[in-house]
Amino acid sequence: MIRRALLLLLAALLPLAGAGQAHAAGYRYWSFWERDGDRWAYATQGPSTARPSDGDVQGFRFAVSEDSADATRPRGAARFDTICARTPAEEGTKRIALVLDFGTAADAPDGERPPPARTACARVSPDATTAEALAAVAGPLRYSSDALLCAIAGYPQKGCGEQVAQRPDPSAHGKGSKEDGTEGDTSGGGPSLGLAAGIAVVVILGGAAVWQVRRRG
């Protein structure tokens, strides 16, 4: 009876052993962000319709993401006073600080290498959109037929929002994005909690089985 219970328990725990290796589909694209105080917020509209105000900070990050909730924030300093320090204000214009994060080699399309992240201060007309500010300092830009932003400063050279068949699931590995945009792994590299708990239960039940046999003897 105990042996049968052990086999059933092992069968139930096998999926948990591989839970830490879960994969999810993702898309390789440029995400668009707005600076809200000291934090990045995912933009609620596209760069071709957004019309930032003088002094705003906006960011772009190229990465593989499952959706907006999973998207990785831009890295690096994001202070308007720092980015636009050498671009004096002029009457009849506005200044927009842009943070351009071209991502990591792991997220780059095959055969391409991401340029270093950089910032730029765009001085544009008062009614200019983010896309116009971006074009002024980070061309050439490339768009899809659906007006999806595909490339900034010519990167990447090809592709646009293509689906990546499988990608590591950050939540399964304890991976997250810090506020400065760097990635950290808090998993410690050890076995998953489900696997460890399963092993402990099996050991306990195994001891109970041995005790039962000795008792019958």
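Residues numbered from 1 in each chain as written. Predicted model: local features only at pLDDT ≥ 70, side-chain atom pairs only at ≥ 80, totals over all residues. Heavy atoms only, no water.

Caption draft 1: A look at the overall build of the protein. Of the regular secondary structure elements, the protein holds five helices and ten strands. With an accessible surface of roughly 12800 Å², the protein has 54% of that area assigned to carbon and sulfur atoms. (Helix = DSSP H or I, 4+ residues; strand = E, 2+ residues; numbered from the N terminus. Areas by Shrake-Rupley, 256 points an atom, 1.4 Å probe, with all protein chains shown as cover.)

Caption draft 2: Examining the packing of aromatic side chains more closely. In this structure the tally under the stated criterion is six aromatic pairs. A ring pair is formed by Trp-33 and Tyr-42, whose centres lie 5.1 Å apart and whose planes are at 75 degrees; its orientation type is edge-to-face. A relative accessible area of 4% places Trp-33 in the buried class. Aromatic ring contacts, followed pair by pair, group Trp-30, Phe-62, Phe-102 and Tyr-155 into a single cluster. Between the NZ or CZ atom of Arg-35 and the centre of the ring of Trp-40, over which it lies, the distance is 5.0 Å. (Phe/Tyr/Trp six-rings, centres within 6.5 Å; stacked < 30°, edge-to-face > 60°. Buried < 20%, exposed > 50% of the residue type's maximum accessible area, 1.4 Å probe, protein only. Lys NZ or Arg CZ within 6 Å of the ring centre and 35° of its normal.)

Caption draft 3: Spotlight on the pairing of strand S4 (residues 94-101). In terms of burial, S4 is largely enclosed, as eight of its eight residues are buried. Here S4 shows no split at all, with Lys-94, Ile-96, Leu-98 and Leu-100 on one side and Arg-95, Ala-97, Val-99 and Asp-101 on the other all buried. Relative to S4, strand S3 (residues 57-65) runs parallel, the two being bridged by five bridges. Each residue of the ladder has a partner; that of Arg-61, found in S4, is Asp-101. (Pairing = 2+ DSSP bridges.)

Caption draft 4: A look at the state of the cysteines. This structure, assessed with the given rule, holds two disulfides. Disulfide partner of Cys-84: Cys-121, at an S-S distance of 2.0 Å. Taking the sign of the torsion about the S-S bond as the criterion, the disulfide between Cys-84 and Cys-121, at about 100 degrees, is right-handed. Of this pair, Cys-84 sits in the loop between helix H2 (80-83) and S4 while Cys-121 sits in strand S5 (residues 118-124), and the two are 37 residues apart along the sequence. The class of Cys-84 is buried, set by a relative accessible area of 4%. (Disulfide = S-S within 2.5 Å.)

Caption draft 5: Looking closely at empty space enclosed by the protein. In the structure shown here, the tally under the stated rule is one cavity of 30 Å³ or more. A volume near 30 Å³ is recorded for the largest cavity. Of all elements in the fold, only strand S1 (23-36) and strand S7 (149-151) reach the threshold of two or more residues within the lining of the largest cavity. The element contributing the most residues to the lining of the largest cavity is S1, with three residues. In the lining of the largest cavity, the residues fall into seven nonpolar, two polar and two charged. (1 Å grid on protein atoms, 1.4 Å probe; cavity = no way out; pocket = protein on both sides within 12 Å on 5 of 7 lines; lining within 4 Å. Points joined across faces, edges and corners; volume = space filled by probe spheres on them. Nonpolar A, V, L, I, M, F, W, Y, C, P; charged D, E, K, R; others polar.)

Caption draft 6: Structural detail: helix H3 (residues 130-138). Restricting attention to buried positions, one finds in H3 the residues Thr-130, Ala-131, Ala-133, Leu-134 and Ala-138. The buried side chains of H3 occupy one side of the element, clustering within an arc of 160 degrees when seen end-on. (Arc of directions from axis to C-beta.)

Caption draft 7: Geometry of unusual backbone geometry. With an omega of 0 degrees, the peptide bond running from Gly-139 to Pro-140 counts as cis. Residue placement: Pro-140 occurs in the loop between H3 and strand S6 (142-143). Note that the residue after Tyr-155, namely Pro-156, is joined by a cis bond; omega there is -5 degrees. Among the structural elements, Pro-156 can be located in the loop between S7 and strand S8 (163-168).

Caption draft 8: Summary view of the pattern of salt bridges. Taken as a whole and assessed by the stated rule, the structure comprises five salt bridges. Linking Arg-61 and Asp-101 is a salt bridge whose minimum nitrogen-to-oxygen distance equals 3.5 Å. One end of the pair, Arg-61, is in strand S3; the other, Asp-101, is in strand S4, and 40 residues separate them in sequence. For the pair Arg-61 and Asp-101, one class covers both residues: buried. A network of salt bridges, in which partner residues are shared, links Arg-61, Arg-75 and Asp-101. (Salt bridge = Lys/Arg side-chain N within 4 Å of Asp/Glu carboxyl O.)

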